[in-house]
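Letter by letter, the chains look like this.
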Amino acid sequence: EVQLVQSGAEVKKPGESLRISCKTSGYSFPIYWINWVRQMPGKGLEWLGRIDPSDSYTNYSPSFQGHVTISSDKSISTAYLQWNSLKASDTAMYYCARRHASGTDAFDVWGQGTMVTVSS
Amino acid sequence: DIQMTQSPSSLSASVGDRVTISCRASQSIGIYLHWYQQIPGKAPKLLIDTASSLQSGVPSRFSGSGSGTEFTLTISSLQPEDFATYYCQQSYITPPTFGQGTRLGIK
């Protein structure tokens with residue numbers, strides 16, 4: 001069974017750093033891009049960026065470029081989303097999602113989400 | 001970025017009703033349009049990709065159609081478990097963008 005299991009909820013202060021994880025299993029990790037999607041409280045879905053785990057090539061939304069970093073570790077089939085300096089406006093649920101096997105850039109398998117709360 | 005606009009933003013319906021949700025793209029996206037269902041407190045679930053391809057395990061009461069800029073998601077006979085928020089998403093051009101969502105509630 002294909003699974004994406006994300007790390008647990010985080011509570012941080014503005015200016016702090018954070019890395020959340022998305023551990024995958026049940027398929028060959030290098031073959032499928034991993035995407036990150038944000039959902040602010042009560043709001044819709046926003047794409048942050050993606051990584052090709054085979055070579056760590058990344059794409060970012062212009063809205064998030066420079067504020068987040070996406071990385072991966074093939075040895076443990078895990079992708080990461082990182083902030084160096086959190087803002088209160090980063091408070092949201094963050095999902096990792098696998099690129100569809102067909103290559104159409106639909107997201108066919110999702111993690112359960114990681115809630116990030118940034119508050120002083 | 002390509003703007004995706006869903007209509008309506010919310011609707012109320014009854015079990016057994018036929019429901020249609022529309023999604024319009026700000027430019028032509030071919031058939032690179034996908035539909036998701038999100039139940040409160042859960043991650044989104046892919047229902048349909050490339051406009052009309054039903055995902056494995058998704059009930060056949062769900063269907064999708066359209067191409068270019070106009071797309072629809074139809075639920076032929078609403079079931080209690082279908083009350084959720086539905087999102088469309090384009091993947092024709094990076095960045096992928098989502099519609100604002102359609103909240104389907106019980107009448």
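For the structure, see preceding data.
The rules behind each value
Residues numbered from 1 in each chain as written. Chains lettered and ligands numbered in written order. Predicted model: local features only at pLDDT ≥ 70, side-chain atom pairs only at ≥ 80, totals over all residues. Heavy atoms only, no water. Contact = heavy atoms within 4.5 Å. Buried area = accessible area lost by both parts, 1.4 Å probe. Salt bridge = Lys/Arg side-chain N within 4 Å of Asp/Glu carboxyl O. Polar contact = N/O pair within 3.5 Å; in protein donor to acceptor, adjacent residues only side chain to side chain. Helix = DSSP H or I, 4+ residues; strand = E, 2+ residues; numbered from the N terminus. Nonpolar A, V, L, I, M, F, W, Y, C, P; charged D, E, K, R; others polar. Disulfide = S-S within 2.5 Å. Buried < 20%, exposed > 50% of the residue type's maximum accessible area, 1.4 Å probe, protein only. Pairing = 2+ DSSP bridges. Axes fitted to C-alpha atoms, helices over the stretch in contact; angles between N-to-C directions.

Draft legend 1. Fine view of the interface of chain B and chain A. Contacts between the two partners involve 18 residues from chain B, matched on the other side by 20 residues from chain A. Of all residues in chain B, Pro-44, Pro-96 and Phe-98 of chain B give up the largest surface area on contact with chain A, accounting jointly for 30% of the area buried on that side. For the pair chain B and chain A, the number of links is 0 salt bridges. On the surface where chain B and chain A come into contact, there are 11 residue pairs in polar contact (both at pLDDT 80 or more). Elements represented by at least two residues in the side of chain B that touches chain A include exactly strand 4 (33–38), strand 5 (45–49) and strand 9 (85–90) of chain B. If one sorts the elements of the side of chain B that touches chain A by residue count, strand 4 of chain B sits on top with 3 residues. Taken together, the residues of the side of chain B that touches chain A break down into 9 nonpolar, 7 polar and 2 charged.

Draft legend 2. Geometry of unusual backbone geometry. Residues and elements named next belong to chain B. Each neighbour pair has its own omega, and for Ser-7 with Pro-8 the value is -5 degrees, a cis peptide bond. Its location among the elements puts Pro-8 in the loop between strand 1 (4–7) and strand 2 (10–13). The amide bond that connects Thr-94 to the next residue, Pro-95, takes the cis arrangement and shows omega of 5 degrees. Residue position: Pro-95 is located in the loop between strand 9 and strand 10 (97–98).

Draft legend 3. Layout of the state of the cysteines. Residue and element names in this part refer to chain A. Within this structure, the stated rule accounts for 2 disulfides over all chains. Paired through a disulfide, Cys-22 and Cys-96 show a sulfur-sulfur distance of 2.1 Å. One disulfide, between Cys-22 and Cys-96, carries an S-S torsion of 80 degrees and so falls in the right-handed class. With Cys-22 in strand 3 (residues 18–25) and Cys-96 in strand 9 (residues 92–99), this pair connects stretches of sequence that are 74 residues apart. Residue class for Cys-22 comes out buried when judged on its relative accessible area of 0%.

Draft legend 4. Up close: the sheet that holds strand 1 (residues 3–6) of chain A. Residues and elements named next belong to chain A. Taken in spatial order, the 4 strands make up an open sheet running 1-3-8-7, and their pairing is antiparallel. Edge positions in the sheet fall to strand 1 and strand 7 (69–73), since each has one partner strand and no second. If you compare each strand with its neighbour and ignore which way they point, the axes differ by 20 degrees on average. In this sheet, strand 3 lies alongside strand 1 in antiparallel orientation, the contact comprising 4 bridges. Bridge assignment links Leu-4 to a residue of strand 3, and that residue is Thr-24.

Draft legend 5. Main features of the sheet that holds strand 3 (residues 19–25) of chain B. Residue and element names in this part refer to chain B. The antiparallel open sheet is built from 4 strands, whose spatial order is 1-3-8-7. Either end of the sheet is taken by a strand with one partner, and the two such strands are strand 1 and strand 7 (62–67). On average, each strand axis in the sheet is tilted by 15 degrees relative to the strand beside it, whichever way the strands run. Where strand 3 meets strand 8 (residues 70–75), 6 bridges bridge the pair, whose relative direction is antiparallel. In the strand pairing of strand 8, Thr-20 is matched with Thr-74.

Draft legend 6. Representation of the pattern of salt bridges in the model. All names here are of chain B. If you walk through the whole model with that rule in mind, you get 7 salt bridges over all chains. A salt bridge links Glu-70 to Arg-24; its shortest N-O distance comes to 2.5 Å. Residue Glu-70 is found in strand 8, and its partner Arg-24 is found in strand 3; the two are separated by 46 residues along the sequence. The exposure class of Glu-70 is partly exposed, given its relative accessible area of 37%. Here Asp-82 makes a salt bridge to Arg-61, at a shortest N to O gap of 2.8 Å. One end of the pair, Asp-82, is in the loop between strand 8 and strand 9; the other, Arg-61, is in the loop between strand 6 (53–54) and strand 7, and 21 residues separate them in sequence. Per residue, the accessibility class of Asp-82 equals that of Arg-61, and both read buried.

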